[in-house]
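# Descriptive structure summary
Chain residues, written in single-letter form:
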Amino acid sequence: MSGAPGGRRPASAEATGPGRFDLLLVPPRPRTGWRVLPARVLAMCLVELQKLRHDRTELYTRAIQPALWLLIFGETFTHIKAIPTGGIPYIDFLAPGIIAQSAMFIAIFYGIMIIWERDAGILTKLLVTPTPRSALVSGKAFASGVKALIQAAVVILIAAALGVGLTWNPLKLLGVAVAVILGSAFFSCLSITIAGIVLTRDRLMGIGQAITMPLFFASNALYPVAIMPGWLQVVSKLNPLSYQVDALRGLLLGTPSHLLLDFGVLAFAALVGITAASSLLGRLAR
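This part covers the packing of aromatic side chains. Counting across every chain of the model gives nine aromatic pairs. Centre to centre, the rings of Phe-77 and Tyr-90 are 5.8 Å apart; their planes meet at 40°, and the pair counts as tilted. With Phe-77 in helix H5 (residues 64-80) and Tyr-90 in helix H6 (residues 90-107), the pair connects residues that are 13 residues apart, well separated along the chain. Relative accessible area serves as the criterion here: at 22%, Phe-77 is assigned to the partly exposed category. Classification of Tyr-90 as buried rests on a relative accessible area of 4%. Ring geometry for Phe-105 against Phe-216: centres 6.4 Å apart, planes inclined by 70°, an arrangement best described as edge-to-face. With a gap of 111 residues between them, Phe-105 in helix H6 and Phe-216 in helix H11 (residues 201-217) connect regions that are remote in the sequence. Considered together, Phe-105 and Phe-216 belong to a single accessibility category, that of buried residues.

In structure tokens:
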């Protein structure tokens, strides 16, 4: 009976040489370390943003406060000319500060969501996955940055409708997006860090409310640093919000700024915030 010998493998299989069936017997080595971190951060960020599909009320309601700042505070102080702004209308000077303020207000209470996830048992389940804690925190931090970016777009549109002379250069707007995301990442990590210390929503709400307005007023969001008292100038230079506002003004209005310093400080602050929040995430889950 003619035919190929029994058990003879196809030539293509024989040509593969030793170890030709290794892929069938041994699973591929899982990615570890820095190679898996970006994918996990992106996954956590997308999970957080999925919540916006179910409830967009937060975006609408949070647009009211910055609109009031621009319409009432900005228009009033533009007319009375009480604050020196280097020759630009005060409402133009104020608009980047309100963008930074609205982003900070979104991020500074982000720790409440972490405590809610702890109480619902979600945080414990996340911590037993292979995902690094830094990826969990980074994903949530940058998700808050994306939410703040949506808020910033609303403020920019309101400012444009009020006649604020903003740039529409795509590269500069990309820089604005990076500044908003980095600033929000820091403040959301600050909130998560505080949550890891105080452990309860009530305490976090109290501390958040206590530090939000001092951070805002101890920055250059409402007035130039040069007119502040000496001690407040020192505080302003330690406040990441001041560097965020300076970057936004330089990009949106073309005013003198220190963009390399601003972005360097924001990136360093975000990194420190992620490290601190990651170290306290386990304590929050206990």
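One can find Ser-242 in helix H13 (residues 240-252). At a separation of 2.9 Å, a polar atom in the side chain of Ser-242 contacts the side chain of Ser-236. If sequence neighbours within four positions are ignored, Ser-242 has contacts with Ala-218, Ser-219, Asn-220 and Ser-236.

A few words on a nonpolar patch on the surface. A grouping of Ile-64, Leu-68, Leu-71 and Ile-72 is seen on the molecular surface, where their side chains present a nonpolar patch of about 370 Å² in accessible area. As for its placement among the helices and strands, Leu-71 is situated in helix H5.

With that settled, consider the side chain of Gln-101. Counting through the fold element by element, Gln-101 comes out in helix H6. Ignoring anything within four residues of it in the chain, the contact list for Gln-101 reads Trp-69 and Phe-216.

On to the nonpolar core, then. Ranked by size, the top nonpolar core spans 65 residues in total, and within it Leu-70, Ile-99, Val-180, Phe-187, Phe-216 and Leu-281 carry the most contacts. Excluding residues within four positions of it along the chain, Leu-281 makes contact with Ile-114, Leu-123, Leu-127, Arg-133, Leu-136, Val-137 and Ile-192.

Okay, the packing of helix H10 (residues 170-198) against H13 next. One can describe the packing of H10 onto H13 by two numbers: an axis separation of 9 Å at closest approach and a directional angle of 170°. It follows from the interaxial angle that H10 and H13 lie roughly antiparallel. Together, Lys-172, Leu-173, Gly-175, Val-176, Ala-179, Val-180, Gly-183, Phe-186 and Phe-187 of H10 and Pro-240, Leu-241, Gln-244, Ala-247, Leu-248, Leu-251 and Leu-252 of H13 make up the contact between the two elements. When grouped by side-chain class, the residues that make up the contact of H10 with H13 number 12 nonpolar, three polar and one charged.

This brings us to the confidence of the model for the chain. Summing up the model confidence of the chain, the mean pLDDT is 81 and the portion of residues at 70 or higher is 79%. Helix H1 (residues 11-14) is the least confidently modelled element of the chain, averaging 47 in pLDDT, while H13 averages 95, the highest of any element. Note on residues 11-15: pLDDT under 50 across the span, and three contacts to partners over four residues away in sequence or across chains.

Here the focus is helix H9 (residues 133-161). End to end, H9 covers 43 Å across 29 residues, agreeing with the expected 42 Å (1.5 Å per residue, within 8%). Gly-163 sits one or two residues past H9 and shows a positive phi near 90°.

So, on to the environment of Leu-166. Relative to the elements of secondary structure, Leu-166 occurs in the loop between H9 and H10. Taking the C-alpha atoms as reference points, Leu-166 and Leu-251, 85 residues apart in sequence, are found 8.8 Å from one another. Those residues in contact with Leu-166, other than ones at most four positions away along the chain, are Ile-156, Ala-159, Ala-160, Leu-252 and Leu-253.

This brings us to unusual backbone geometry. Not every positive phi belongs to a glycine, and Leu-199 is a case in point at roughly 75°. The class for Leu-199 is partly exposed, based on a relative accessible area of 25%.

The rules behind the values
Residues numbered from 1 in each chain as written. Predicted model: local features only at pLDDT ≥ 70, side-chain atom pairs only at ≥ 80, totals over all residues. Heavy atoms only, no water. Phe/Tyr/Trp six-rings, centres within 6.5 Å; stacked < 30°, edge-to-face > 60°. Helix = DSSP H or I, 4+ residues; strand = E, 2+ residues; numbered from the N terminus. Buried < 20%, exposed > 50% of the residue type's maximum accessible area, 1.4 Å probe, protein only. Polar contact = N/O pair within 3.5 Å; in protein donor to acceptor, adjacent residues only side chain to side chain. Contact = heavy atoms within 4.5 Å. Patch = residues over 30% accessible without salt bridge, like charges linked within 9 Å, V, L, I, M, F, W, Y side chains within 5 Å. Areas by Shrake-Rupley, 256 points an atom, 1.4 Å probe, with all protein chains shown as cover. Salt bridge = Lys/Arg side-chain N within 4 Å of Asp/Glu carboxyl O. Core = buried A, V, L, I, M, F, W, Y, C linked by side-chain atoms within 4.5 Å. Axes fitted to C-alpha atoms, helices over the stretch in contact; angles between N-to-C directions. Parallel < 35°, antiparallel > 145°, perpendicular 65-115°, else oblique. Nonpolar A, V, L, I, M, F, W, Y, C, P; charged D, E, K, R; others polar. pLDDT = per-residue confidence, 0-100. Expected span 1.5 Å × (residues − 1).

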